[in-house]
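Each chain, letter by letter, is given below.
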Amino acid sequence: MSDFLSSGWSTYITLVTLVGIFWCIWLLFSQRKTKVILNPDGSVADTGHVWDGDLRELNNPLPRWWMWMFLICCIFSLIYLALYPGLGSYPGILGYTTDGALKASENQAIQELKPVYAKYMGMDIQQVAADPKAREMGQRLFLNSCSQCHGSDAGGAKGFPNLTDGDWLYGGTPEIIKTTITNGRAGVMPPFPQLNAAQISNAANYVRSLSGLSADASKVALGEEVFKANCVACHGVDAKGNIALGAPNLTDKIWLYGSSEDTITETVTKGRNAMMPAQANILTPEKIQLLTAYVWGLSNNKQEQAK
Ligand code: HEC
Ligand code: HEC
């Protein structure tokens, strides 16, 4: 509870809380009646409130059990506020914080898992990937940290690569996958303001023709010239991409953003900047080891099964 910018708020909240609780107790006692008030004819007196013609509100004392419950609640809240944080920035006698409780349970989990992790740290990625227990742990880590972008089946989405298809922007060896996860990646496809709409349309048709998609033949030849002049530095003369830059292979029918002429035009006109966030400061090396094995296994274990 150190979030208050000035101690004035802390005092204010403490006062409002305590005055509120004592006011409730005072209210209870000030309104308390112990005796049943009777009318001269012996019937129980009412408050004068009548509903639906004949439904009278009797002026009875509060039930005993209710009074005690009310009082116990007030006392409970006072004890609770003495022990736990709640009164402004007063930390409470027990010094409990949710943050501390989370850290403690995280530390406990780390201690408990240490021997398990140590075993996997000493193994090759291929061996870890072959271990069913490690795959399960890897999958859980993936669902926690990676699925929001890559999808829970790692199948990817527009702008987020599919990690199961054996096609890699940056390369699919265990070492490269680990580097990708640890340090993150930032793909830079620059925009091309120097190209006019016709040149971009030609280039888009050429790019489509590379993977056998329908394309305007007259534009393809012109587009090839545009491509040679502007694109080969990153995508390669054969357009098969460059894993050092994360420039995608444009001949393989696998698309990060999409293959329509409109999408390719948008890619070239505005550029693209996919960001894979670095995990080095978020996940422990042990977790990155398991994730590397899990991701590597997604495409490689499948091939083994298919053989
Ligand atoms: C905020 C979204 C986001 C999160 C979270 C995320 N990624 Fe990524 N990841 C991306 C993007 C975008 C790319 C493509 C980067 C590029 O094209 O430069 C990528 C690329 C990758 C690649 C390289 C793929 C290739 O074809 O070379 C791997 C491997 C990868 N991510 C694994 C993971 C793992 C494991 C996690 C969980 C720890 C994770 N990512 C979490 C967005 C994310
Ligand atoms: C400076 C290097 C560089 C140059 C030059 C470059 N690209 Fe790219 N291109 C990339 C990178 C890196 C990506 C991946 C972007 C990302 O990960 O967000 C990319 C992505 C693309 C895509 C998206 C592919 C998909 O799977 O959706 C297309 C299409 C493309 N480039 C076409 C071109 C064309 C056409 C040119 C020339 C006019 C060109 N690029 C020039 C680096 C480059």
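These numbers come from a predicted model, not from an experiment. (Residues numbered from 1 in each chain as written. Chains lettered and ligands numbered in written order. Predicted model: local features only at pLDDT ≥ 70, side-chain atom pairs only at ≥ 80, totals over all residues. Heavy atoms only, no water.)

Engineer: Describe the site of ligand 1, listing the residues and the values that go with them.
Structural biologist: In the neighbourhood of ligand 1, 24 residues make up the surrounding shell, with Cys146, Cys149, His150, Tyr170 and Met276 lying closest. Contact distances for ligand 1 include 2.5 Å between an oxygen atom and a side-chain N or O atom of Tyr170. Within the residue set of the shell around ligand 1, elements represented by two or more residues are helix H6 (147-150), helix H7 (174-183), strand E4 (275-276) and helix H12 (285-306). Tallied by class, residues from the shell around ligand 1 come to 17 nonpolar, six polar and one charged. (Near = heavy atom within 4 Å. Polar contact = N/O pair within 3.5 Å; in protein donor to acceptor, adjacent residues only side chain to side chain. Helix = DSSP H or I, 4+ residues; strand = E, 2+ residues; numbered from the N terminus. Nonpolar A, V, L, I, M, F, W, Y, C, P; charged D, E, K, R; others polar.)

Engineer: Give a description of the coordination of the iron atom of ligand 2 that names residues and reports values.
Structural biologist: Protein ligation of the iron atom of ligand 2 involves Met189 (SD) and His235 (NE2), the donor distances falling in the range 2.0 to 2.1 Å. Considering all six donor atoms around the iron atom of ligand 2, the spread of angles at the metal, 87 to 179 degrees, places the coordination shape in the octahedral class. Of this pair, Met189 sits in the loop between strand E3 (185-186) and helix H8 (197-210) while His235 is found in helix H10 (residues 232-235), placing the two residues 46 residues apart along the sequence. (Donors = N, O, S within 2.8 Å, 3.2 Å for Na, K, Ca; no water. Tetrahedral: all angles 85-135°; square planar, octahedral: opposite > 155°, others 65-115°.)

Engineer: Give me the site of ligand 2: which residues, what numbers.
Structural biologist: Taken together, 26 residues surround ligand 2, and among them Met189, Cys231, Cys234, His235 and Tyr257 come closest. A distance of 2.8 Å separates a nitrogen atom of ligand 2 from a polar side-chain atom of His235. Interatomic distance of 2.9 Å between a backbone N/O atom of Ala274 and an oxygen atom of ligand 2. Of all the secondary structure elements, the ones that give two or more residues to the shell around ligand 2 are H10 and helix H11 (261-270). Looking at the shell around ligand 2 element by element, the count peaks at three residues for H11.

Engineer: Tell me about the packing of aromatic side chains, residues and numbers included.
Structural biologist: Two descriptors summarise a pair of aromatic rings, namely the distance from one centre to the other and the angle between the planes of the rings. Tallied over the entire structure, the rule returns seven aromatic pairs. Relative to Tyr12, the ring of Trp9 lies with its centre 5.6 Å away and its plane at 85 degrees, an arrangement referred to as edge-to-face. You can see Trp9 and its partner Tyr12 sitting in helix H1 (residues 7-30), three residues apart, about one turn around the helix. Sitting over the ring of Tyr257, Arg272 keeps its end group 4.2 Å from the ring centre. (Phe/Tyr/Trp six-rings, centres within 6.5 Å; stacked < 30°, edge-to-face > 60°. Lys NZ or Arg CZ within 6 Å of the ring centre and 35° of its normal.)

Engineer: Requested: an account of the domain arrangement of the protein chain, with residues and values cited.
Structural biologist: Along its sequence, the protein chain is organised into domain 1 (7-96), domain 2 (100-187 + 277-306) and domain 3 (197-273). Taken together, the contact between domain 2 and domain 3 spans 13 residues of the former and twelve residues of the latter. Carbon and sulfur atoms supply 58% of the area that domain 2 and domain 3 bury against each other, a total of about 940 Å² over both sides. Connecting domain 2 to domain 3 are one residue pair in polar contact (both at pLDDT 80 or more). (Domains from an automatic or database assignment. Contact = heavy atoms within 4.5 Å. Buried area = accessible area lost by both parts, 1.4 Å probe.)

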